[in-house]
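Residues per chain are reported as follows:
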Amino acid sequence: VCPAGHGGIYRDARAQQRVVKITSRYVLREHWGPLAFALSALTSLLLLNYIARRFGDLVGKGLPWRVIGEFVLLSLPFTAAMTLPMAVLVAVLYAFNRLSAENEVTAFKASGVAIRSGLLVPVLWASTVMAAVMLYFNDQVLPNSNHRLTVLLADIARTRPTFALREQVLNELNPQLVVRAARVDQARSAMRDVTIYDLTQNTPRTIRADSGTLALALGKTSDLVMTLYDGTIVQVGDEKPGQLQRTAYRTLVLRQRDFVKGFAQTKAGPGGSTYKSDREMTVCELQ
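Just so it is clear, the model here is predicted, and its values are computed rather than measured. (Residues numbered from 1 in each chain as written. Predicted model: local features only at pLDDT ≥ 70, side-chain atom pairs only at ≥ 80, totals over all residues. Heavy atoms only, no water.)

**Student:** Where do I start with the sheet that holds strand E1 (residues 171-174) in this structure?
**Tutor:** Sheets are built from strands paired through backbone hydrogen bonds, the pairs being either parallel or antiparallel. Reading across from one edge, E1-E2-E3-E4-E5-E6 is the order of the six strands in this open sheet, with antiparallel pairing throughout. This sheet does not close on itself; its edge strands, each paired only once, are E1 and strand E6 (244-256). Neighbour to neighbour, the strand axes of the sheet diverge by 30° on average, direction disregarded. Both strand E5 (residues 224-236) and E6 contribute to a ladder of 12 bridges, which runs antiparallel. Bridge pairing links Ile233 to Thr247 in E6. (Pairing = 2+ DSSP bridges. Helix = DSSP H or I, 4+ residues; strand = E, 2+ residues; numbered from the N terminus. Axes fitted to C-alpha atoms, helices over the stretch in contact; angles between N-to-C directions.)

Put into structure tokens, the structure is as follows:
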């Protein structure tokens, strides 16, 4: 048998390169399936949990479907930023565990495929590319989406704020009307143990009531009607500032005209909302 010449060595090198390429594609293909499944499953779970916690801020305000869809889309980037590292870990553990369990790693060694160049190098290259993509994503895409989401949530909160009263909290219905209620029944728009700080008069007054209800005025749904029962009004006298007036009542009706606003979206970025928190800034903006 004649020894192989340079042509044989070249053909052996080319064959070895083809084997490495085929092995690399096979190893990477073993990762894509688990990666896609883990990413979609984890992202869906966290996204549904976030939407469920925000569900009370969205319903009952007459928001168009476009706004709700934008809210879901803007919630995806920061959710994916958290779930992608976990999905990569799951994919790597699953892929290499399967290759080892089915003795494919042993088959690669028996075929002369180097573990480092055939199995580890393609995965390391893929992880480097993914890290570069996520670096750009976390620096450019994520802060902008966080800022747009913050502006959108602020616009939603200003829409029909009467449906978002919370118990044992100072609820600022507007800068001149603050309401605190010990108990709030959202279904009936009823309140118990109510305290109202009213700055709409010439002199500030404090209104207390045993109970009360909130409703939109008939015929003009932009007006807010607040009906209070069995309480007192404490106010400094207009003519005698040194005296404190206390008035008891059985039923008191307060009406705020043009109180309930429709949804009006604020523009984010240049020409719109400019304030940003640290989670809404790129590296250059932070510097």
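**Student:** Can you walk me through the pairing of strand E2 (residues 177-185) in this structure?
**Tutor:** A regular strand carries its side chains on alternate faces of the sheet. The sheet contact formed by E1 and E2 spans three bridges and is antiparallel. Following the sheet pairing, Asn171 is matched in E2 by Val179. Between E1 and E2, which pair antiparallel in sequence order, lie two residues. Two strands pair when backbone bridges link them, and E2 and strand E3 (residues 190-198) are joined in this way by eight bridges, in the antiparallel orientation. Across the sheet, the residue bridging to Leu177 is Asp198, located in E3.

**Student:** I'm lost on the environment of Met134 in this one. Help?
**Tutor:** Mapped onto the secondary structure, Met134 falls in helix H4 (residues 115-157). The sequence separation of Met134 and Pro85 amounts to 49 residues, and the corresponding C-alpha distance is 9.9 Å. Once you skip the residues sitting within four places of it in the chain, Met134 turns out to touch Ala81 and Leu84. (Contact = heavy atoms within 4.5 Å.)

**Student:** I keep staring at the pattern of salt bridges and nothing clicks. Help me out?
**Tutor:** A side chain of one charge can pair with a side chain of the opposite charge if their charged atoms are brought near each other. According to the stated counting rule, one finds eight salt bridges in the structure shown. Of the charged contacts in the structure, one is a salt bridge between Glu102 and Arg98, with a shortest N-O distance of 2.5 Å. You can call Glu102 partly exposed: its relative accessible area is 47%. Exposure remark for Arg98: the relative accessible area of 18% places this residue in the buried category. Of the charged contacts, one joins Glu285 and Lys276 as a salt bridge, the two residues approaching to 3.2 Å between their closest N and O atoms. Residue Glu285 is classed as partly exposed on the basis of its relative accessible area, which comes to 39%. The structure contains a network of salt bridges with shared partners spanning Glu30, Arg98, Glu102 and Glu104. (Salt bridge = Lys/Arg side-chain N within 4 Å of Asp/Glu carboxyl O. Buried < 20%, exposed > 50% of the residue type's maximum accessible area, 1.4 Å probe, protein only.)

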